[in-house]
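Remarks on the overall topology
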Amino acid sequence: MAESSSAFDFLPEDLSYENLVKAAEGCQGCDLYKNATQTVFGEGDLESGIVFVGEQPGDEEDVKGHPFVGPAGRLLDKALAEAGIDRQRIYVTNAVKHFKWKPQGKRRLHEKPKASEVAACDPWLRAELMLTQPRILVCLGASAAQSLFGRDFRVTQMRGQWLETELAANAIATIHPSAILRTPSDLREAEYRDFVADLTVVAREIDLLN
Ligand code: URA
Ligand code: SF4
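Residues numbered from 1 in each chain as written. Chains lettered and ligands numbered in written order. Predicted model: local features only at pLDDT ≥ 70, side-chain atom pairs only at ≥ 80, totals over all residues. Heavy atoms only, no water.

Side note on the packing of helix α3 (residues 71-83) against helix α8 (residues 185-209)
Rules: Axes here mean lines fitted to C-alpha atoms, for a helix over just the part in contact, with angles spanning 0 to 180 degrees between N-to-C directions. Helix numbering and strand numbering both begin at the N terminus, where a helix is a DSSP run of H or I of at least 4 residues and a strand a DSSP run of E of at least 2. The scheme is simple: roughly parallel for angles under 35 degrees, roughly antiparallel for over 145, roughly perpendicular for 65 to 115, oblique for anything else. By the definition used in this description, the sense in which the near helix is turned from the far one sets the handedness, with an anticlockwise turn below a right angle giving left-handed and a clockwise turn giving right-handed. Two residues form a contact once any of their heavy atoms are found within 4.5 Å.
As a packed pair, α3 and α8 sit with axes 8 Å apart at the nearest point and diverge in direction by 55 degrees. Relative to α8, α3 is oriented oblique. Relative to α8, the crossing made by α3 is right-handed. In this structure, α3 uses L75, L76, K78, A79, L80, E82 and A83 to contact α8, whose residues at the interface are Y192, R193, F195, V196, L199, T200 and A203.

Next up, the structure:
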């Protein structure tokens, strides 16, 4: 078989969650599977209609095989709790399902996925959206937002406000928790507060829908 340029070739016929997870384990839709430990598929409540999309698994996610379980995930958990959103009730995934990294000494340093890699991985995300039918869709950071709302989308300008899109009745973008971790310490708390404020907008909508 010729080398694949998209996850599309690996989609199962029946798009059940179990089938998707299984099929994604063997995905070679771009080169990122080559240097990663495993595919990290989305996880969580498939029924709530509340979907969070990040960028790609990080070092810890790659080893453990679950999304948002590393430093960014712990910060996300804290912010969700503060905003009053139950992580058990949301579905959490990433735009790209394999960890992209470059060596830095003994560490594996996160590397931003290219637009072509985000595009290659998009069939998995679309399948997840079909399955979960989000009423509330939350993009964490530019990679997720640009993958779903287009390359011209600017998170810094559009964050925290409801967006017009066919993907979900309510869609919104905010910064990525990793961006908070990278912020210089004197500004970090303010950055975190703004993040919680955006998530509080989401929490209010969840309350309205319940
Ligand atoms: N950053 C992400 O975007 N996703 C994860 O799962 C972990 C870190
Ligand atoms: Fe497939 Fe996505 Fe992994 Fe590329 S990053 S190999 S498209 S699952």
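Observations regarding the sheet that holds strand β2 (residues 50-54)
Basically, it comes down to this: Two strands qualify as a pair provided DSSP detects at least 2 bridges between them.
The mixed open sheet is built from 5 strands, whose spatial order is β1-β3-β2-β6-β7. Lying at the two open borders of the sheet, with one neighbouring strand each, are β1 (43-44) and β7 (170-174). Here strand β6 (residues 136-140) runs beside β7; their pairing, made up of 5 bridges, is parallel. Note that in β7 the partner of C139 across the bridge is A173.

As for the packing of aromatic side chains
So the rule is basically this: Two aromatic rings from Phe, Tyr or Trp, using only the six-membered ring of Trp, form a pair when their centres are within 6.5 Å; if the ring planes differ by under 30 degrees the pair is stacked, by over 60 it is edge-to-face, and anything between is tilted. Only protein chains enter the calculation, and the probe is 1.4 Å; a residue is then buried if its accessible area is under 20% of its type maximum, exposed if over 50%, and partly exposed in between. Should the NZ of a Lys or the CZ of an Arg lie within 6 Å of a ring centre and within 35 degrees of the ring normal, that charge is described as sitting over the ring.
Applying the stated criterion across every chain, the model contains 4 aromatic pairs. With 6.2 Å between their ring centres and 55 degrees between their planes, Y17 and F41 make a pair best called tilted. Taken together, the residues Y17 in helix α1 (residues 17-25) and F41 in the loop between α1 and β1 connect sequence positions 24 residues apart. Residue Y17 is classed as buried on the basis of its relative accessible area of 18%. Relative accessible area serves as the criterion here: at 6%, F41 is assigned to the buried category. Members of the aromatic cluster, each reached through a chain of ring pairs, are Y17, F41, Y91 and W124. The positively charged end of K97 is found above the aromatic ring belonging to F41, 5.5 Å away from the centroid. Its guanidinium or amino end placed over the ring of W101, R108 lies 5.3 Å from that ring's centre, counting from NZ or CZ.

A word on the site of ligand 2
Here is the rule: Each residue is tested against the molecule or strand, and it is near if at least one of its non-hydrogen atoms lies within 4 Å. Any residue with an atom within 4 Å of a point lines the site, the site being either a cavity, points on a 1 Å grid over the protein atoms alone where a 1.4 Å probe fits but cannot get out, or a pocket, an open set with protein on both sides within 12 Å along at least 5 of 7 lines. Pocket occupancy is defined atom-wise: a molecule lies in a cavity or pocket when more than half of its atoms are within 2 Å of its grid points. Any residue outside Ala, Val, Leu, Ile, Met, Phe, Trp, Tyr, Cys, Pro, Asp, Glu, Lys and Arg is labelled polar, Gly included; the first ten of those are nonpolar and the last four are charged.
Residues in contact with ligand 2, as listed here, are C27, G29, C30, L32, Y33, V96, K97, H98, A120, C121 and W124. Counting atoms within 2 Å of the grid points, the majority share of ligand 2 lands in the largest cavity. For the shell around ligand 2, the per-class residue count stands at 8 nonpolar, 2 polar and 1 charged.

Describing the pairing of strand β4 (residues 101-104)
Direction of pairing for β4 relative to strand β5 (residues 107-110): antiparallel, over a ladder of 4 bridges. Of the residues in β5, the one forming a bridge with W101 is H110. As consecutive antiparallel partners, β4 and β5 are separated by 2 residues, and within that stretch G105 has a phi angle of approximately 60 degrees, a positive value.

Considerations on the nonpolar core
What counts, and what does not: Among buried residues, those of type Ala, Val, Leu, Ile, Met, Phe, Trp, Tyr and Cys that are joined through side-chain atoms within 4.5 Å constitute a nonpolar core.
By size, the foremost hydrophobic cluster in this structure holds 59 residues, and its most contacted members are F52, I85, W124, L137, F195, L199 and V202. Looking at this core element by element, the count peaks at 8 residues for α8. If near-sequence neighbours (up to four positions away) are discounted, L199 is found in contact with F52, A79, L80, A83 and I85.

Regarding the pattern of salt bridges
The criterion, for reference: When a carboxyl oxygen of Asp or Glu lies within 4 Å of a side-chain nitrogen of Lys or Arg, that pair is called a salt bridge.
Here the structure, examined in full by the defined rule, presents 13 salt bridges. Between E117 and K100 there is a salt bridge, with the nearest N and O atoms lying 3.0 Å from each other. One end of the pair, E117, is in helix α4 (residues 115-132); the other, K100, is in the loop between β3 (91-94) and β4, and 17 residues separate them in sequence. The buried category is assigned to E117, whose relative accessible area is 8%. A relative accessible area of 12% means that K100 is categorised as buried. The network of salt bridges with shared partners includes D59, D62 and R108.

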